[in-house]
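# Analysis of the macromolecular model
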Amino acid sequence: MTVDRLEAWSRDEETRARLVVQIDQTLFVEAGAGTGKTRALVDQIVALVLAGRKIDRLVAITFTEKAAGELKDRVRAGLEGARTAHPDLALLVDEALGSLDRAQISTIHAFGLTLLRSFAAESGIDPAFILQDELLAERRQQERWRS
């Protein structure tokens, strides 16, 4: 490993460590593909759980359903590893694992849908609304444009 790459790796590790330690701050992480963003996010979620935060009160948003599923799987694995590493916090971890399916680890669209459904009355929309099929929505938009 060259000196430049070693220094970059060291800075990356410092940044990842900050994500786990500074859990009371909102942080924005921007990095290219394959740089460890998902690993850092999983580490931060596990650190928040170990600090007593309820996992179903956390939000982690990704861009694709595939990425959301992978993130949830990796959080589950991270929590299972934390149970082994911190047996004194096993109750917290077990509670988080039991609530993981209710955690908002999803796409921005799924998160928005959850918000709309939760606050439908306040928003003045029908709580039984359904999402419009993309093809149907495009057809309707074209019909409106023509008229």
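Check the entry above for the structure.
Residues numbered from 1 in each chain as written. Predicted model: local features only at pLDDT ≥ 70, side-chain atom pairs only at ≥ 80, totals over all residues. Heavy atoms only, no water.

### Brief notes about helix 2 (residues 37-50)
Heads up, the condition is: Strands are runs of DSSP state E lasting at least two residues, helices are runs of H or I lasting at least four, and both sets are numbered from the N terminus onward. For a helix, the expected span equals 1.5 Å multiplied by the number of residues minus one. Throughout, exposure labels follow a simple rule: accessible area from a 1.4 Å probe, protein chains only, divided by the maximum for the residue type, with under 20% read as buried, over 50% as exposed, and the rest as partly exposed.
For helix 2, which comprises 14 residues, the first-to-last C-alpha distance of 20 Å matches the rise-based estimate of 20 Å (1.5 Å per residue) to within 8%. Within the sequence span of helix 2, burial applies to Ala40, Val42, Gln44, Ile45, Val46, Ala47, Leu48, Val49 and Leu50. Once helix 2 finishes, glycine 52 follows within two positions and takes phi at roughly 105°, a positive value.

### Some words on the packing of helix 2 against helix 3 (residues 65-85)
Put simply, the test is: Helix axes use the C-alpha atoms of the stretch in contact, all axes being lines fitted to C-alpha atoms, and the angles between their N-to-C directions lie in the range 0 to 180 degrees. Note on angle classes: values under 35 degrees are labelled roughly parallel, values over 145 roughly antiparallel, values of 65 to 115 roughly perpendicular, and the remainder oblique. Throughout, a crossing is termed right-handed when the near helix is turned clockwise from the far one, and left-handed when it is turned anticlockwise from it by less than a right angle. Any two residues whose heavy atoms approach within 4.5 Å at even a single point are treated as in contact.
Their axes nearest at 9 Å, the elements helix 2 and helix 3 cross at an angle of 50°. Judged on the interaxial angle alone, helix 3 and helix 2 are oblique. Along this stretch, helix 2 crosses helix 3, giving a crossing that reads as right-handed. When helix 2 is examined against helix 3, the residues Thr38, Arg39, Leu41, Val42, Ile45, Val46, Val49 and Leu50 are found in contact with a partner set consisting of Leu71, Arg74, Val75, Gly78, Leu79 and Ala82.

The values are spatial; any link to function lies outside them.
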